[in-house]
Amino acid sequence: MASHTEENYLKTLLALSGEKESVSLSDLSHDLNVKLPTANSMVKNLKNQGLVNYEKYKPLSLTPKGRRSAALILRKHRLTEMFLTTVMGFGWEEVHAIAEQVEHIDSPVFFDKMDEMLGAPKTDPHGSPIPDKNGNMIHPAFVPLSECKAGQIVIISAMLNDSSEFLMLLNSKQLSLGTEISIDSIEAFDRSITISYNEQNNITLSEKVSQQILVTVK
């Protein structure tokens with residue numbers, strides 16, 4: 001069984017490899033907020049377990065075994081978030097820190113039961129895909145709100161940022177998954193975006209915020 005630290009490295013590598021074509025050791029150490037020698041030592045350990053491809057001065061990548069292991073950790077995390085919101089009534093801004101702890105429980109039957117109780121959900125409360133039992137994961141073709149054009153109508157489908165601060169900001173604006181948005185205008189200078197939805201009109205979002213919201217264009 002992998003240690004909590006090893007699991008965190010695998011999950012972070014999976015996330016980074018989805019954002020970039022190659023992952024450097026410095027990328028990994030920066031994202032985990034650890035020193036480069038510490039990250040180097042752990043990566044060598046993961047390589048010895050057949051979980052990571054690593055050669056000095058070359059990008060890192062997960063092996064098929066490592067990718068499956070990382071996806072199953074992510075599965076536990078996202079199932080837990082869904083259980084906390086759907087069954088226990090937590091807000092979507094509250095569940096990430098709890099799931100970070102629960103994801104390290106080594107009991108497949110526990111998470112399979114959770115999956116069954118939830119009706120085998122495909123996404124978590126933030127719209128992120130939940131890997132299946134084999135570690136397979138479908139990535140929907142969503143686009144960032146920041147890349148949309150004035151006049152389009154879109155539906156909020158997922159979040160790139162699941163921090164409490166960001167989700168509380170969305171709560172304050174009554175924005176959530178499934179909200180249908182009309183894009184009124186986009187400011188040429190700073191790319192801030194003005195939107196309308198439900199009973200809300202002329203609500204302005206910064207480009208920083210709109211970059212974190214993934215949508216489906218109608």
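Everything numeric here is computed off the predicted structure, so don't read it as measured data.

Each value, and the rule that gives it
- Residues numbered from 1 in each chain as written.
- Predicted model: local features only at pLDDT ≥ 70, side-chain atom pairs only at ≥ 80, totals over all residues.
- Heavy atoms only, no water.
- Helix = DSSP H or I, 4+ residues; strand = E, 2+ residues; numbered from the N terminus.
- Contact = heavy atoms within 4.5 Å.
- Pairing = 2+ DSSP bridges.
- Core = buried A, V, L, I, M, F, W, Y, C linked by side-chain atoms within 4.5 Å.
- Buried < 20%, exposed > 50% of the residue type's maximum accessible area, 1.4 Å probe, protein only.

A.B. asks: Describe the side chain of Asn40, and please don't skip the residues or the numbers.
C.D. replies: By the element assignment, Asn40 lies in helix H3 (residues 36–48). Once you skip the residues sitting within four places of it in the chain, Asn40 turns out to touch Leu25 and Tyr54.

A.B. asks: I'd like a rundown of the pairing of strand E7 (residues 200–205), residues and numbers included.
C.D. replies: Judged from the four bridges that link them, strand E6 (residues 193–197) and E7 form a sheet pairing that is antiparallel. In the strand pairing of E7, Tyr197 is matched with Gln200. What sits between E6 and E7 in their antiparallel hairpin is a turn of two residues, with Asn198 showing a positive phi close to 50 degrees.

A.B. asks: Tell me about the nonpolar core, and please be specific about residues and values.
C.D. replies: Leu10 and Val52 are the most contacted members of the largest nonpolar core, which totals 21 residues. Counting residues per element, the ones that place at least two in this core are helix H1 (4–19), helix H2 (25–32), H3 and helix H4 (64–86). The biggest single contributor to this core is H1, with five residues. What Leu10 contacts, discounting residues up to four positions off in sequence, is Leu46, Leu51, Val52, Leu62, Gly66, Ser69, Ala70 and Ile73. Among the nonpolar cores identified, the runner-up in size contains 20 residues, and Leu145, Ile156, Leu175 and Ile181 belong to it.

A.B. asks: If you had to explain the environment of Ser210 to someone new, which residues and values would you point to?
C.D. replies: When you line up the elements, Ser210 lands in helix H8 (residues 207–210). Look at Ser210 and you get buried, because its relative accessible area is 1%. Ignoring sequence-local partners within four residues, the contact set of Ser210 consists of Pro144, Leu145, Ser146 and Ile193.

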